[in-house]
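Residue-level listing of the chains:
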Amino acid sequence: MASKARGRARRRGSARRAAPAGASALDPSVMPFSRRLRGLSSVAMPSGSRARPLIAPDVLVLAAGGIVGEAWMAGVLAGIEEATGIDFRRTEQLVGTSAGAIVAATLAAGRPPRRPPAPPPPTGDGGDDAAPASVLAAAAERAVGTAASAALAVAGPLAAPLVAAAAPAGALARALVLARVPPGRASLDDLRDSRALRDARFDGRLRVVAVDRATGRRVVFGAPGAPHAAVGEAVAASCAVPGVYRPVRIGGREYVDGAVWSPTNLDVAAAGRGTEILCLSVFAAPPPALPAPLAAIRAGARAIEAVEARIVRRRGAHLRIVGPDARSAAAIGGRLMDRGRAAAALAAGHAQGLALAR
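A brief report on the enclosed structure follows. Owing to the predicted nature of the structure, the values given are computational and were not obtained by experimental measurement.

Comments concerning the pairing of strand 1 (residues 59–62)
And then number 1: Side chains Val59 and Val61 of strand 1 all project onto a buried face; the interleaved residues Leu60 and Leu62 project onto the opposite face, where all are buried too.
And then number 2: The sheet contact formed by strand 1 and strand 2 (residues 93–97) spans four bridges and is parallel. Along strand 2, the bridge assignment pairs Val61 with Val95.
And then number 3: Regarding topology, helix 2 (residues 66–84) serves as the crossover connection from strand 1 to the parallel strand 2, and that connection is right-handed.
And then number 4: By the bridge criterion, four bridges tie strand 1 to strand 7 (residues 276–280) in an arrangement that is parallel. Bridge pairing links Leu60 to Leu278 in strand 7.

Concerning helix 3 (residues 99–108)
And then number 1: Summarising burial for helix 3: ten of the ten residues are buried, a large majority.
And then number 2: Ala99, Gly100, Ala101, Ile102, Val103, Ala104, Ala105, Thr106, Leu107 and Ala108 are the residues of helix 3 that are buried.
And then number 3: Downstream of helix 3 by a residue or two, Gly110 has a phi angle that is positive, lying close to 90 degrees.

A few points about the side chain of Asn265
And then number 1: As for its placement among the helices and strands, Asn265 is situated in the loop between strand 6 (253–257) and strand 7.
And then number 2: We classify Asn265 as buried; its relative accessible area is 0%.

Brief notes about the packing of helix 3 against helix 10 (residues 231–238)
And then number 1: Orientation of helix 3 relative to helix 10, taken along the N-to-C sense of each, is 160 degrees, at an axis distance of 8 Å. In this view, helix 3 runs roughly antiparallel relative to helix 10, as classed from their interaxial angle. Handedness of the helix 3/helix 10 crossing: right-handed. Counting all contacts with helix 3, which are made through Ala101, Ile102 and Ala105, the residues of helix 10 involved are Val231, Val235 and Ser238.

Observations concerning the pattern of salt bridges
And then number 1: By the definition in use, this model includes 14 salt bridges.
And then number 2: Here Arg89 ties to Asp87 by a salt bridge, and the two come within 3.0 Å at their closest N and O atoms.
And then number 3: In this structure Asp87 comes out as buried when scored by relative accessible area, which is 18%.
And then number 4: In this structure, the salt-bridge partner of Asp267 is Arg218, at a minimum N-O distance of 2.9 Å. Here Asp267 is found in the loop between strand 6 and strand 7, whereas its partner Arg218 is found in strand 4 (residues 218–221), with 49 residues between them in sequence.
And then number 5: Counted as one network, the salt bridges with shared partners bring together Glu81, Glu82 and Arg115.

What about the environment of Ala355?
And then number 1: Take Ala355: it is sitting in helix 13 (residues 342–357).
And then number 2: For the pair formed by Ala355 and Gly79, sequence separation is 276 residues and the distance between their alpha carbons is 8.1 Å.

Things to note about the environment of His350
And then number 1: Assignment of secondary structure puts His350 in helix 13.
And then number 2: Residues in contact with His350, not counting those within four places in the same chain, are Gly75, Val76, Ala78, Gly79, Glu82, Arg115 and Pro116.

A short note on the nonpolar core
And then number 1: Counting 59 residues, the largest nonpolar core has Leu62, Phe221, Val235 and Leu280 as the members making the most contacts within it.
And then number 2: Sorting elements by how many residues they give to this core places helix 2 first, with nine residues.
And then number 3: Excluding its chain neighbours within four sequence positions, the residues that come into contact with Phe221 are Phe202, Leu206, Arg207, Val208, Ala210, Ala226, Pro227, Ala229, Ala234, Ile250 and Tyr255.
And then number 4: If you look at the next biggest cluster of nonpolar residues, it comprises 15 residues, including Val95, Ala269, Cys279 and Ala317.

Quick notes on the rules
- Residues numbered from 1 in each chain as written.
- Predicted model: local features only at pLDDT ≥ 70, side-chain atom pairs only at ≥ 80, totals over all residues.
- Heavy atoms only, no water.
- Buried < 20%, exposed > 50% of the residue type's maximum accessible area, 1.4 Å probe, protein only.
- Helix = DSSP H or I, 4+ residues; strand = E, 2+ residues; numbered from the N terminus.
- Pairing = 2+ DSSP bridges.
- Right-handed = clockwise from strand over helix to strand, strands pointing away.
- Axes fitted to C-alpha atoms, helices over the stretch in contact; angles between N-to-C directions.
- Parallel < 35°, antiparallel > 145°, perpendicular 65-115°, else oblique.
- Left-handed = near helix turned anticlockwise from the far one by under 90°.
- Contact = heavy atoms within 4.5 Å.
- Salt bridge = Lys/Arg side-chain N within 4 Å of Asp/Glu carboxyl O.
- Core = buried A, V, L, I, M, F, W, Y, C linked by side-chain atoms within 4.5 Å.

Taken by themselves, the reported measurements are silent on function.
Here it is in structure tokens:
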């Protein structure tokens, strides 16, 4: 036992730190996995879960979830950071879908996750530093308010069998469904052009998932071989709910919400033996008294998530999926598009993140 502990210590000591902003693209076959804590040396798992410490992940996967889910994810990350000193901006890979793409791109831009508002300082008005976050939050409210309901309603009936069957069958089925959904009227220009997203770059770490409307194929912007796009364009595409928002045109093609393929897209993660993956998914725990349509959508989302989880675990990765706890579930409720719940979801997520770290 002592020799095993010494071996783990040597591996941790030799692992490199998280990639800086200019890191090159990650290759699952050669990717070094830094499982070093940035902050506390050990963080307890919550009661009832596997006895593995909460440590700085190599890959952070942020799922769809509407404006309420976006607020909850930001709060969870902020709470964990506050309690442990882990800096999610330094994560080696960030994978975002729909609402999660906004959080991932914000981290890639070097901005910390949002926290519940503190009382205003006695003097001053916060200065210009507060403006980008405010612009992004306002754009997010307009852009992803209905993402989880509408986009997952398209993906839900296709669910796990098509994901397991891989791209050809899944893409064809999605293309047929998308062809019957009329383009939405609302614009995502404000989100695409928001100041905070202009600061983000595809630096080899960030992955933003969208779906080609014509082919039904999943496109992972920021991955090797993906179409060229600015981060703002890719995030807007990832949030383009079919039938609600106009598809986003990039390089002459139209793209829609990445949740049409999967709410999490866990299998995009550059995972190998020993990779630490943390996934935040609003669908990983049921809010109380879900209305029937959202309950059905959640069932489809969980089926897809289960298939993807098996894929990354077969690669040897250590995967932890975090869903809302009881307080967060109550704050989120059953209407992920209800911006009136965002502040409560942010606060509940922050408290949950602190509790996870304890």
